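Listed here are the chains, written in short residue letters.
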Amino acid sequence: MLSDGTLLQIVDRALADTALKSGAWLVCKVGCSQCCHGAFPINQLDVKRLRAGLEELRREDPERAKRVEGRAAEYVRETSVHFPGDPETGMLGSDTGSQDAFEAFENERACPVLDPETQTCDLYTARPMTCRVFGPPVRSAEGLGVCELCYQGATAKEIAACELILDPDDLEERLLSELNASTVCNEEQAAHTIVAYAVVRGRRRP
């Protein structure tokens, strides 16, 4: 049966293989949080995973969960006036103007899930796919992209040899299709959002 857990296992195995090939070029370590600054779009599978992780954190460490929720609420409150989408729902706009505006949206602000003291992720096991695969070479329309801190001194050929083959069977897209089919799918459910809104919309209601 297809599941998010299966997807994460596939990605984790691919990451382990890439890390082995990369060796010292892959310099990611605990406390390195440059990639935790700046907004990025997440899909509804990421949202579901984050909210499940938040619920687990509430059970295991309610005070830490409250701090995460507080940072997310502050993020939304301070940025909603120029949010490139619908600040009521957290949906990112799909029109050209919104997409262009998102390119400059909060590029320096820390993710609300990042603990400002430890510089570690409070929802690490539930983090979005973008967070999981950032660092190693990942192919896009622009070519192979890598973290600017990694692969220093490596040639283009050496970087290509470490390419992360993320999801060759498109399991993530299949899971997203199943998720939409299993709910009363509407524009909000299908849209992309950001971490802060996923956390705020996942807060318990009184």
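Note that the coordinates shown come from a computational prediction; the quantities given were computed from them, not determined experimentally.

J.: Report on the overall build of the chain, specifying residues and quantitative values.
T.: The secondary structure content of the chain amounts to nine helices and four strands. For the chain, the α and β elements follow one another from N to C terminus as α-α-α-β-β-α-α-β-β-α-α-α-α. The C-alpha atoms of the chain give a radius of gyration of 17 Å, which matches the 17 Å a tight globule of 206 residues would have. Expressed as lengths along the three principal axes of its C-alpha atoms, the size of the chain is roughly 55 × 40 × 40 Å. With 206 residues in all, the chain has 39% of them scored as buried. Considering only residue pairs separated by 6 or more positions, the chain has 78% of its internal contacts joining residues 24 or more positions apart. Accessible surface, the chain: about 11,800 Å² in total, of which carbon and sulfur atoms supply 53%.

J.: Account for the side chain of Thr79, with residues named and values stated.
T.: Note on placement: Thr79 falls in helix α3 (residues 62-79). Dropping the residues within four chain positions of it, Thr79 is found in contact with Phe105, Glu106 and Arg109.

J.: Lay out empty space enclosed by the protein in plain terms, naming residues and giving numbers.
T.: By the definition in use, this model includes one cavity of 30 Å³ or more. Approximately 90 Å³ is the volume found for the largest cavity. Taken together, Gly38, Ala39, Phe40, Tyr75, Arg109, Ala110, Cys111, Pro112, Ile194, Val195 and Ala196 form the lining of the largest cavity. Taken together, the residues of the lining of the largest cavity break down into nine nonpolar, one polar and one charged.

J.: Outline the nonpolar core, supporting the account with residue identities and numerical values.
T.: Residues Ile42, Phe105, Val113, Ile194, Val195 and Val199 are the most contacted members of the largest nonpolar core, which totals 27 residues. Put simply, the parts of the chain that give this core at least two residues each are α2 (44-60), α3 and α9 (195-201). In this structure Val199 touches Leu54, Val68, Glu69, Ala72 and Val113, once residues within four positions along its chain are discounted. With 12 residues, the next largest nonpolar core counts Ala14, Leu45, Leu164 and Leu176 among its residues.

J.: Break down the state of the cysteines for me, with residues and values.
T.: By definition, a disulfide links two cysteine residues through a covalent bond between their sulfur atoms. Enumeration according to the criterion identifies zero disulfides in this entry. No disulfide involves Cys35; its sulfur sits 4.3 Å from that of Cys36, the nearest cysteine. The class of Cys35 is partly exposed, set by a relative accessible area of 39%. Not part of a disulfide, Cys150 finds its nearest cysteine sulfur in Cys28, a span of 4.0 Å. On the basis of relative accessible area, Cys150 is assigned to the buried category, the value being 4%.

J.: Before we move on, could you go through the pattern of salt bridges and cite the residues and values that matter?
T.: Counted by the stated rule, this structure contains 12 salt bridges. The shortest N-O distance in the salt bridge between Asp122 and Arg71 comes to 2.9 Å. With Asp122 in the loop between α4 (96-102) and α5 (129-133) and Arg71 in helix α3, the pair connects residues that are 51 residues apart, well separated along the chain. In this structure, Asp122 and Arg71 share a single accessibility class: buried. Here the salt bridges share partners, and the residues they tie into one network are Asp61, Arg64, Arg71 and Asp122.

Cut-offs and rules
Residues numbered from 1 in each chain as written. Predicted model: local features only at pLDDT ≥ 70, side-chain atom pairs only at ≥ 80, totals over all residues. Heavy atoms only, no water. Helix = DSSP H or I, 4+ residues; strand = E, 2+ residues; numbered from the N terminus. Rg over C-alpha atoms; globule rule 2.2 N^0.38 Å. Buried < 20%, exposed > 50% of the residue type's maximum accessible area, 1.4 Å probe, protein only. Contact = heavy atoms within 4.5 Å. Areas by Shrake-Rupley, 256 points an atom, 1.4 Å probe, with all protein chains shown as cover. 1 Å grid on protein atoms, 1.4 Å probe; cavity = no way out; pocket = protein on both sides within 12 Å on 5 of 7 lines; lining within 4 Å. Points joined across faces, edges and corners; volume = space filled by probe spheres on them. Nonpolar A, V, L, I, M, F, W, Y, C, P; charged D, E, K, R; others polar. Core = buried A, V, L, I, M, F, W, Y, C linked by side-chain atoms within 4.5 Å. Disulfide = S-S within 2.5 Å. Salt bridge = Lys/Arg side-chain N within 4 Å of Asp/Glu carboxyl O.

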